[in-house]
Structure formats: C-alpha cells, structure tokens
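Each chain is listed here by its residues.
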Amino acid sequence: MKEHLYRAYVDILREELVPAMGCTEPIAVAYAAALARQTLGCLPQRVDIRVSANIIKNVKSVIVPHTGGLRGIAAAAAAGIAAGDAGRELEVLSGVGAEQLPAIKAYLERTPIAVSPADGGLIFDIQISVEGQGRTTFVRIAGSHTNVVRVERNAEVLLERACGQSGGPEPADRSLLTVEGIVAFAGAVEIADIKETLDRQIRMNRAIAQEGLRGTWGAGIGKILLDAYGSGAHNRAKAWAAAGSDARMSGCELPVVINSGSGNQGMTASLPVIVYAEELNAGEEALYRALVVSNLVTIHLKTGIGRLSAYCGATSAGCGAGAGIAYLHGGGTREIAHTIVNAVAINSGMICDGAKASCAAKIASAVEAGLLGWQMQRHGSQFYGGDGIIVKGVENTIKNVGRLAREGMAGTDREIISIMVEGC
C-alpha cells in the first residue's frame, strides 16, 4: 500500500475515533457555552443561543449527562457555563460532580437563556452570545462538533476562520477511502499504529453496552432483544449496540468513542464486531483488523452524507459492522463489497428524527441489515445494479447513498424538523 494512503487511513481513524461524554450535539452546545464563559471571565447574566435546525432536532429529546436528568439546548448550555471545562471539548461535562448539580439547576432557573434558529443555512451551526459584568462574548462552532470558527470578546475578534476550515492541522482526505483500499489497509496496518485508538474504542463502548444491559435505561431495547430472541451471537450483536444507545440517550455518564461525530455510530460500528470476534475466539489482532474495516467503511459511507442529515447515520454504521464481521470470517474485497451493497439495499432511507431513546431500536435494525447483507453474500445471493438505488460497483452505490441523503432527503429533513417543532 502506498505510504501516503497508509498515513491518511491511520490519521482518519485517529481523527474520527475520539471519546465523547453524552450525545454529541448537546455536548457541542455545552462546549461552546463553556468556551463563551471562559472567554468572558465571569458567570454570564444573559445567554443568547442560535442553532441550526439539525442541532434543535438532535438536542430536543436526549438527557444531558451530569445534569441530574435535564434535557434540551438551554440545559446543555447551562451545564457548560456553570460547571463545564472547555479544555476537554467533547468531554466538557465529564468532570462535573454531584455537588455541582444544584448550581447547574439554579443557573438554568434564574438566568435568561434565549434559544432561536440560526441564520445562514448551515446544517451544523451553534452560536452563543453571553454577557455579564459589562462584558460580552460570542462563540461560534460550525461544520463539526469542535470546530470553533469565531470567538469575540467585547466585539474584538480573538479567533476567526471560514466555516469550512478547521482548527489545528488539516484533516486527512476522506476522499482517499475506497472499499478496496480499506481491505488492503486492514491487512497491512501495523497494529502499533492503531492499537491505542482501537483499545479505547473497545474498552469504552463495551463498558457502556454492559451498563445498558445492567441498568434501567431508555426503552431497554438491548435487554428486550436478549430476553425475546436469546443470546446467540447474531442477536447479541444487535443487543449490545442497542444497549449502549439505551444508556447513552438516557444520560448515562460513561464516555463512548464516536465515529463520524456520533456515539451511536461509534457503538454500532464496533460492538457487533467485538461480539463476533469473541464468539469466534478470533484473537486480538483479528479484532483490530476487523474494527479497522468496520470503522473505515462507516466513515466512507458517511463522508458523502455529511455529519447531520435526514438519513439515519446508524444505517451506515450497520453496513460497517456487517463489513467488519465479513472480514472476521475471511471475507476479502469482493465479499465485503457485496455485504455493503446488500445492507444498503435493505435499510437505506431510515430517517433521522433526532437523538432519543428510539435510536436504540434503529441501531438494532441497522445491525440486522448489515448481518443479513453478510449472510446473503455467504449464501451466494446479492442485489444487483438496477435494484432501487443500487448500481454496478460498490463505490458507485456509496456515491448514490451520499446523494440520496445529502440532496434527495433535504426536504425530508425540513419536514421532520417542522413536525418535531410543532409537537413541542
């Protein structure tokens, strides 16, 4: 494998598979708010929040961790301001203790916090203005969860860059990803180059899945799957991923390693592969290589879709999980490509109507599609070009998924948000 491709694939994994505490959209709001307070230098007396519609959709229904059960944009901002650590970015609330919960609640109750839609048409946009002791601060995050594009204090610009730019080093080029390249990389990668990244994913995502099965979280989809359908690997793969989401969407105070900006996608791409590796006694190295496949296939599919859309991101991660499991069973490029295409044909079009308890059930459905796609190719069955959005060649089908989600479902996204807002 060419050196520049090898380095890019390693960098993509390191950039995407990072820890986050809680659903990433409310946490991004908390991070922006904590940064605004830090820049202001005192506790704000007024807060004005403007966010894009997709942020409203994904924050509305989930519990913000370390808040004692609070939900919503104002609660996320209040937690970030009253107790957050901006230096920890997507783990901004991870250090909040029980003794700080009364302060968060009191701040939320006494402080005017206005929330309104952002102008500008960006899908991912968080703008927070705060004032206190005669000073003002403005912070804007756009494009992705930690991409701070503007910071002002008393109208003085402290940081500014275009919304399409990111802070720090230029990110690795996701357009270099191909299914053939992913499979080649998985076979060639030096384990030392990805071990720390994947060990963290295995450890954190397994822990929250186990908590989801132990505790009483959300709708208990993971537990229901095991009780109703048994403990075979096929069902455990779905149940573990769903249980992680049960816990995470209900405010569980355990971190997860995300994929493509989403904890649900990170769990969906990893936990089914972990289950099958254990079932097969595949060994540590085989698990790492299969996780490389599942994570990179998920990222490849999500690159054309974008961070947020009307297309449920778990669908892509379910395809990734199916691909990783196919790899564990000795599948090469051909088998993995058929698994992806089959899974896309089965489940594409599942809508994203925000982060909430029912995400756990959607994850189970996405994993089932990935597993069925894998089983189809094992039995010599596949979907062909001309079956719906499926066209000849896995890369062409992946492009169609991006087009469907990014362009075709834009109107669907607006209607979903309208329905959700009317229901509030």
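This one's a predicted model, so the numbers in the text were calculated from it and none came from an experiment. (Residues numbered from 1 in each chain as written. Predicted model: local features only at pLDDT ≥ 70, side-chain atom pairs only at ≥ 80, totals over all residues. Heavy atoms only, no water.)

A word on the overall build of the chain. Of regular secondary structure, the chain possesses 16 helices and 8 strands. Computed over its C-alpha atoms, the radius of gyration of the chain comes to 21 Å, within 12% of the 22 Å expected for a compact globule of 424 residues. For the chain, the spread of C-alpha atoms along the three principal axes comes to 70 × 45 × 45 Å. The 424 residues of the chain split such that 57% are buried. For the chain, long-range pairs separated by at least 24 residues make up 76% of all intrachain contacts whose partners lie at least 6 apart in sequence. Of the side-chain charges in the chain, 39 are positive and 41 negative, and the distance between the mean point of each set is 2 Å. (Helix = DSSP H or I, 4+ residues; strand = E, 2+ residues; numbered from the N terminus. Rg over C-alpha atoms; globule rule 2.2 N^0.38 Å. Buried < 20%, exposed > 50% of the residue type's maximum accessible area, 1.4 Å probe, protein only. Contact = heavy atoms within 4.5 Å. Lys, Arg positive; Asp, Glu negative; His and termini not counted. Charge placed at Lys NZ, Arg CZ, Asp CG, Glu CD.)

The subject of this paragraph is the sheet that holds strand β4 (residues 125–132). With respect to topology, 6 strands assemble into an open sheet ordered β3-β2-β4-β5-β6-β7, the strand pairing being mixed. Both outer strands of the open sheet, β3 (113–117) and β7 (156–160), are each paired with one neighbouring strand and no more. If you compare each strand with its neighbour and ignore which way they point, the axes differ by 10 degrees on average. (Pairing = 2+ DSSP bridges. Axes fitted to C-alpha atoms, helices over the stretch in contact; angles between N-to-C directions.)

Turning our eyes to something else, we now look at unusual backbone geometry. Positive phi outside glycine occurs at H66, with the angle close to 60 degrees. Along the polypeptide, H66 turns up in the loop between α3 (53–59) and α4 (73–83). Phi at S260 is positive, roughly 55 degrees, even though this residue is not glycine. Here S260 shows up in the loop between β8 (255–257) and α10 (263–279). Take S260: its relative accessible area is 4%, and that puts it in the buried class.

The next thing to look at is the nonpolar core. The biggest cluster of nonpolar side chains holds 125 residues, and the ones touching the most others in it are I126, I128, F185, L296 and I336. Those residues within four positions of I128 in sequence are excluded, and the remaining contacts are V29, A32, A33, A36, V47, D48, I49, T137, F138 and V139. Counting residues in each nonpolar core, the second largest holds 6 residues, with I221, L225, A239 and A364 among its members. (Core = buried A, V, L, I, M, F, W, Y, C linked by side-chain atoms within 4.5 Å.)

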